[in-house]
Every structure is written in C-alpha cells, then in structure tokens.
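# Remarks on the overall topology
If you want the building blocks of each chain, they are given just below.
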Amino acid sequence: MTPLVLCYGGTFDPVHTGHLAIARAVRDALHADVHLLPAADPPHKGPTHADADERAHLLDLAVAGEAGLIVDRRELHRPGPSYTVDTLRELRAEFGPHAPIVWMVGGDSVFDLHTWHRWRELFDLGHLLAIARPGAPIEETALAARSPAVHAELAPRWCLPAQLHALPAGGFAEFRLGAERPESSTELRRRIAAGDPRWRDWVTPAVADRIADRRLYGADAFTSASRGGLV
C-alpha cells in the first residue's frame, strides 16, 4: 500500500497545541506523516500577525523531536497568493501520479469550498479530508442547503478516511476528532497581547519562549521576564 501524503495547511498564527493535537490524531489514525504547510499570503483571509518566516520557525520549535510531523515551507518560497490548488499541483509533481495525497481542512471550511480558487480541480490532484469537531459532523442535508454546488461535488466522492489509500486523488472523507479542542489562534493572540498568563498553556515551552523573547503578538517585557512558569 502506498503511504498517504497528509498535508495540513494554515496560517499557524501562531501554532498552538490544538494544531498539534489534530496533526497527531490524523497521523496516528492513518499511519502517515503529516506535512504542515504555513501559508505565505492566504487570499481568503486578512493579513497575518507575524511574518511567514517567524510563523514557520515557531512551527519548527513546536514539532521538534516529534515523529511524523514535518514543516514544509514550499508556500513561503512561491511568489503570489497561496492557492491550495497550486500547492497540490506542486506536490503531485513531486510525489508522482500514484501517491495518495490528502489535503486536510477544517470542517467548517467545507461549506465555503466553492469560494476557493479553482476548487473543483483540487480533486484531480488529491483527496480532501475534513476535520470535524466533536458534536459537529458534516451533515449532508445542511451542506446541500447551504452549499449545493459543494454538496453535488462531494456526494459521489464521500468515503471513509481509511479508503483514501486506494486511489491517488478524487476522494472526500470526514475525520471526527475524539475530544473538543479549546484552542484558537485568535484567542491565543488576545491573551498574549493582554498579558493573560494562560496563553502559555496553549503552546509548547519552546514556542512560548520564542514568542516572549521576540515580543511577538504584543508580548511585552513582563511576559519575557516571566519565563520558567512564573506566569
């Protein structure tokens, strides 16, 4: 069986323990490495709060020593907006025509898939794996009502995550997380800027030290001086 190529894209602004938990869960369930791809300039979102190199460096720190989690900087080295279809085309050229390539997305993003650049071409290049929060599965009736074009595209492609090994591309599966994750990058940035000591609970120690030392996301001098569990 050809190993899956699992791809987890995002701004990671900054990376937090929720991101890592999702990557580990998919890695362990599907028995494949997860490539984390920080976006340079996501066209569907506003500007990031830390530059791309810094966000990638925080990812390096977060996954250091973690088997099966790999930071992939390819989107940072490509000029222009970070379109998923272009990244998948590059991955397909690298891994060849037979490797099953899987792009992970948040479950809520599926409802907006029709707004993505050349979204139907994604299935010519890889599979889509939607990460669903506990208690919030992707209901076909809701998808059909809110995004009929997306539902029409996904309905014949729907399969189980374990079946994504069978073909190199064209499938859609839902991966249901076992436990709710409280972390969000938006709230994490707010806590850092406010000097709320709970922000360190949501990042690895190495990431916390880097944020404090570089005063990222509004971290102030008191935050930097409070390393070692004093906050």
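Bear in mind the structure is a predicted one, so any value in this text is a computation, not a measurement.

### With respect to the pairing of strand β7 (residues 172-176)
Counting buried positions along β7 gives four out of five residues, so the element sits mostly inside the fold. Summarising the sheet, strand β5 (residues 127-132) and β7 pair through five bridges and their orientation is parallel. For A132, the partnering residue across the bridge sits in β7 and is R176. Note that strand β6 (residues 158-159) and β7 share two bridges and pair parallel. Each bridged residue has a counterpart across the sheet, and for W158 the counterpart in β7 is F172.

### Regarding the sheet that holds strand β4 (residues 101-106)
Reading across from one edge, β3-β2-β1-β4-β5-β7-β6 is the order of the seven strands in this open sheet, with parallel pairing throughout. Two strands close off the open sheet at either side, each with one partner strand: β3 (69-71) and β6. Pairing between strand β2 (residues 34-38) and β3: three bridges, direction parallel. The residue bridging V34 from the neighbouring strand is L69, located in β3. Packed onto the sheet, helix α1 (residues 17-30) meets β1 (5-10), β2, β3, β4, β5 and β7 and runs at close to 165° relative to β1.

### Describing helix α2 (residues 52-63)
With twelve residues, α2 ought to run about 16 Å at 1.5 Å a step, and its terminal C-alpha atoms sit 17 Å apart, in line with that. Against α1, β2, β3 and α8 (205-214) lie the buried residues of α2.

### Let's talk about the nonpolar core
If you look at the biggest cluster of nonpolar residues, it comprises 39 residues, and the most contacted ones within it are L129 and I211. Element by element, the count of residues in this core is highest for α1, at five residues. Sequence-distant contacts of I211, defined by excluding residues within four places in its chain, comprise P14, L58, I192, W199, L216, Y217 and A219. Grouped together as the second largest cluster of nonpolar side chains are 24 residues, V85, I101, F111 and V150 included.

### Some thoughts on the pattern of salt bridges
All told, the structure shown has 24 salt bridges when counted by the stated rule. Across the pair D86 and R89 runs a salt bridge, and its minimum N-O distance is 3.6 Å. Taken as a pair, D86 and R89 lie in helix α3 (residues 84-95) at a separation of three residues, close to a single helical turn. Put simply, R181 and E183 hold a salt bridge, and the shortest N to O gap is 2.5 Å. Residues participating in the shared-partner salt-bridge network are D72, R74, R78, E90 and E94.

Rules of the game
- Residues numbered from 1 in each chain as written.
- Predicted model: local features only at pLDDT ≥ 70, side-chain atom pairs only at ≥ 80, totals over all residues.
- Heavy atoms only, no water.
- Buried < 20%, exposed > 50% of the residue type's maximum accessible area, 1.4 Å probe, protein only.
- Helix = DSSP H or I, 4+ residues; strand = E, 2+ residues; numbered from the N terminus.
- Pairing = 2+ DSSP bridges.
- Contact = heavy atoms within 4.5 Å.
- Axes fitted to C-alpha atoms, helices over the stretch in contact; angles between N-to-C directions.
- Expected span 1.5 Å × (residues − 1).
- Core = buried A, V, L, I, M, F, W, Y, C linked by side-chain atoms within 4.5 Å.
- Salt bridge = Lys/Arg side-chain N within 4 Å of Asp/Glu carboxyl O.

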